Amino acid sequence: MKAKYSNQKEKLNIKEIEEAAEEIKKGNLVLFPTETVYGIGANALDEKAVKRIFEAKGRAGDNPLIVHVSNIKMVEEIVKDISDVERKLINKFWPGPLTIIFNRKSKEVIPNVVTANLDTVGVRMPNNEIAIELIEKAKVPIAAPSANISGKPSGTNIEDIIEELQDKVDYILDGGFTDIGLESTVIRVIGDEINILRPGKITKEELEEVVNDVKVDSHVLGKVGKDDVVASPGMKYRHYAPTTSCMMIYSNDENKMISRINEEIKELEQQGKKVLVLGKKEHLDKYIVDNKWNMGSDLNEIAKNIFMLLRKVDKEDFDFVIIEGVESKGLGLAITNRLIRACAYNYIIV
Ligand code: AMP
Ligand code: MG
C-alpha cells in the first residue's frame, strides 16, 4: 500500500484535506503537519485505528499519545474537568505547542490504547491550518504521535520521512517544513503548580507568567534509571537518535567549548575516525575539521533544524558527530533535552 500524497505547501487544498479526513473517519492513518513536527494521526475514539499507529511506529504500548483537538468543546468531551489555571493556559497558549495532561473523563470515551491505561489524557490544539482543518473535517479528536519510527528523530518535513512511512499510512498532507521543529511542551497542572514533563517551545519562563510555581521534572535533563517511576512514560525511551554515534559538548564559556571540541576532534581523527561537527554558524570557522554543518545562529533556528540535521547525518558516512550544546534556558531547555537523548546521554559540560 502506498499513501496518497497531497501537496499543501503553497496553499491549502481543502478538497484534499477533506479526502484525508475521510480516511480518518474510516479508521485509517494520515501523516499531517503541525507547527511543532509532523504527526501520524488516527481517530482518537477508534481503538483499532489507534492500534495501527503503534504498529506503524513500533511504539511501546505503555507510551501514551497526545490527542489533538480543534475546539474547546472537543476537550470538554474527553476530560473530566478543566481547572482555572488550565483555562488560563488554554486562553494564553492555544492554539499552540502546549500539551496539557488532564484527568480523562471515562474509559468509554477515549480508549485505553490512547492513554496507555493511564487515568489521564494529554491534549493540545495545534497552531497549523492544515491540522485544524483536518480535525474539523474529520469531526473527531485526532491522536497523533510524532512522525518517525520510534527512537528516530521526529519528522519536520515530508522529504525526510516519506521513505520510512509511506507504506504505513494512507494519506500524506505535505505542508512543507514545520515552523518550530521540536515537539510540544508537555505539562501537568496540580493545584496552582505546573510541572514540565517535556520541555518545548512554550518555555518555563512563559509559564511563570501564568503561575508562580513552575517546576521542571528531574528527568528532563537527568538520566532515567531502569527502575525509575516517571511522570510521563515517553521519558523512559531512547529518542531522537541517529544511528551514527554522537556526543554533545557544552560550556557557557564559548572559547572553552570550542577548544574542548577541537581537542576531541584531534583525538578522534588520530583514531582514524571521520568526524562531523554541528555548531552555530558563527563558530564553524574555528573548528579544525573538514566536515562542519551549520545548526543555525539562534535557538529558534537550531530548534527548527536539529531533527533534519540528525537525520541527514545517517545519510553520510561519518564515524562520529560532535554537537555543540546550548544554554539550557528558555527554548534551550528543550534543545538540550533532545540533544542529550540523541547522544544517548554521551555529553560533556566543561
Ligand atoms: P510524541 O507523541 O512523540 O510527541 O510523545 C508524546 C509525549 O507525551 C510522550 O512523551 C508521552 O509520554 C507524553 N504523554 C502523552 N500522554 C500522557 C499522559 N497521559 N501522561 C503523561 N505523559 C503523557
Ligand atoms: Mg515522539
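Residues numbered from 1 in each chain as written. Chains lettered and ligands numbered in written order. Predicted model: local features only at pLDDT ≥ 70, side-chain atom pairs only at ≥ 80, totals over all residues. Heavy atoms only, no water.

> Give me the lowdown on the overall build of the chain, citing residues and values where you can.
Along the backbone of the chain there are 11 helices and 16 strands. Over its C-alpha trace the chain gives a radius of gyration of 20 Å, about what one expects of a compact globule, namely 20 Å for 350 residues. Structurally, the chain occupies a C-alpha span of about 60 × 50 × 40 Å along its principal axes. Out of the 350 residues in the chain, the part that is buried amounts to 57%. Accessible surface, the chain as shown: approximately 15200 Å² in total, 45% of it carbon and sulfur. Here the chain contributes 50 positively and 57 negatively charged side chains, and the mean placements of these two sets differ by 2 Å. (Helix = DSSP H or I, 4+ residues; strand = E, 2+ residues; numbered from the N terminus. Rg over C-alpha atoms; globule rule 2.2 N^0.38 Å. Buried < 20%, exposed > 50% of the residue type's maximum accessible area, 1.4 Å probe, protein only. Areas by Shrake-Rupley, 256 points an atom, 1.4 Å probe, with all protein chains shown as cover. Lys, Arg positive; Asp, Glu negative; His and termini not counted. Charge placed at Lys NZ, Arg CZ, Asp CG, Glu CD.)

> Run through the site of ligand 1, naming residues and quoting values.
Among the 17 residues in the neighbourhood of ligand 1, the closest are listed as Thr120, Pro145, Ser146, Ser232 and Gly234. Contact distances for ligand 1 include 3.1 Å between an oxygen atom and a side-chain N or O atom of asparagine 63. For ligand 1, whose unbound accessible area comes to 500 Å², protein coverage reaches 96%. Broken down by class, the residue content of the shell around ligand 1 amounts to nine nonpolar, six polar and two charged. (Near = heavy atom within 4 Å. Polar contact = N/O pair within 3.5 Å; in protein donor to acceptor, adjacent residues only side chain to side chain. Nonpolar A, V, L, I, M, F, W, Y, C, P; charged D, E, K, R; others polar.)

> Quick one: what's the story with the nonpolar core, residue by residue and with numbers?
Of all hydrophobic cores here, the largest spans 66 residues; its most connected members are Leu89, Trp94, Leu134 and Leu207. In this structure, tryptophan 94 is in contact with Val69, Ile72, Val75, Leu89, Ile100, Phe102, Val123, Arg124 and Met125, ignoring residues within four places of it in sequence. Residues Met247, Ile265, Ile335 and Ala342 belong to the second largest nonpolar core, which totals 44 residues. (Core = buried A, V, L, I, M, F, W, Y, C linked by side-chain atoms within 4.5 Å. Contact = heavy atoms within 4.5 Å.)

> Report on the sheet that holds strand 10 (residues 193–198), specifying residues and quantitative values.
Read across the sheet, 11 strands follow the order 1-8-2-3-7-4-6-5-9-10-11 without closing on themselves; strand pairing throughout is mixed. Here the strands that pair on one side only, and so sit at the sheet edges, are strand 1 (4–7) and strand 11 (213–216). (Pairing = 2+ DSSP bridges.)

> Break down the sheet that holds strand 14 (residues 291–296) for me, citing the residues and quoting the values.
Where strands meet in a sheet, backbone hydrogen bonds hold them as pairs that are either parallel or antiparallel. Here we have five strands laid out as an open sheet, ordered 14-13-15-12-16, and parallel in their pairing. Two strands close off the open sheet at either side, each with one partner strand: strand 14 and strand 16 (347–349). Averaged over all adjacent pairs, the angle separating strand axes in this sheet is 20°, with direction ignored. Bridge analysis of strand 13 (residues 275–280) against strand 15 (residues 320–324) gives four bridges, and the strand direction is parallel. In the strand pairing of strand 15, valine 275 is matched with phenylalanine 320. Relative to strand 15, helix 9 (residues 254–270) is tilted by about 175°, and along the sheet it contacts strand 12 (245–250), strand 13, strand 15 and strand 16. Sitting on the sheet, helix 10 (residues 299–313) is in contact with strand 13, strand 14 and strand 15, with an inclination near 145° to strand 14. (Axes fitted to C-alpha atoms, helices over the stretch in contact; angles between N-to-C directions.)

> So what's going on with helix 2 (residues 47–57)? Residues and values would help.
Inspection of helix 2 places Ala49, Val50, Ile53, Phe54, Ala56 and Lys57 among the buried residues, and these make up the whole buried set. The buried residues of helix 2 occupy one face: seen down the axis, they fall within an arc of 165°. Summarising the geometry of helix 2, the exposed residues directed more than 90 degrees from the buried face are Lys48 and Glu55. For helix 2, the elements touching its buried residues are strand 3 (38–43), helix 5 (112–115) and strand 7 (142–143). Put simply, aspartate 46 is the residue that caps the front of helix 2, since its side-chain oxygen is 3.1 Å from the backbone nitrogen of lysine 48. Glycine 58 lies just past helix 2 and shows a positive phi near 65°. (Arc of directions from axis to C-beta.)

> How would you summarise the environment of serine 146 if you had to cite specific residues and measurements?
Within the secondary structure layout, serine 146 lies in the loop between strand 7 and helix 7 (158–165). When its relative accessible area of 16% is taken as the criterion, serine 146 is described as buried. For the pair serine 146 and glutamate 183, spaced 37 residues apart in sequence, the C-alpha to C-alpha distance is 7.5 Å. With near-sequence residues (within four places) excluded, serine 146 lies in contact with Val37, Tyr38, Ile40, Lys57, Ser154 and Glu183.

> I'd like a rundown of the environment of tyrosine 240, residues and numbers included.
Relative to the helices and strands, tyrosine 240 resides in the loop between strand 11 and strand 12. Here the alpha-carbon distance between tyrosine 240 and lysine 152, two residues 88 residues apart in the chain, equals 4.6 Å. Apart from residues lying up to four places away in sequence, tyrosine 240 is in contact with Gly151, Lys152, Pro153, Ser154, Glu183, Arg198, Phe307, Leu310, Asn337, Arg338, Arg341 and Ala342.

> Before we move on, can you summarise the packing of aromatic side chains with the specific residues and values?
This model, assessed by the stated rule, comprises two aromatic pairs. Seen in terms of ring centroids, tyrosine 240 and phenylalanine 307 are 5.4 Å apart; in terms of plane orientation they differ by 25°. Their pairing is stacked. Placement of the pair is tyrosine 240 in the loop between strand 11 and strand 12 and phenylalanine 307 in helix 10, with a sequence separation of 67 residues. We classify phenylalanine 307 as buried; its relative accessible area is 0%. Aromatic pair tryptophan 293 and phenylalanine 318: ring centres 5.7 Å apart, planes at 80°, arrangement edge-to-face. On the criterion of sequence distance, the pair formed by tryptophan 293 in strand 14 and phenylalanine 318 in the loop between helix 10 and strand 15 is long-range, its members being 25 residues apart. Residue tryptophan 293 is classed as buried on the basis of its relative accessible area, which comes to 14%. Classification of phenylalanine 318 as buried rests on a relative accessible area of 7%. In this structure, lysine 312 is placed above the aromatic ring of tryptophan 293, and the distance from its NZ or CZ to the ring centre is 4.4 Å. (Phe/Tyr/Trp six-rings, centres within 6.5 Å; stacked < 30°, edge-to-face > 60°. Lys NZ or Arg CZ within 6 Å of the ring centre and 35° of its normal.)

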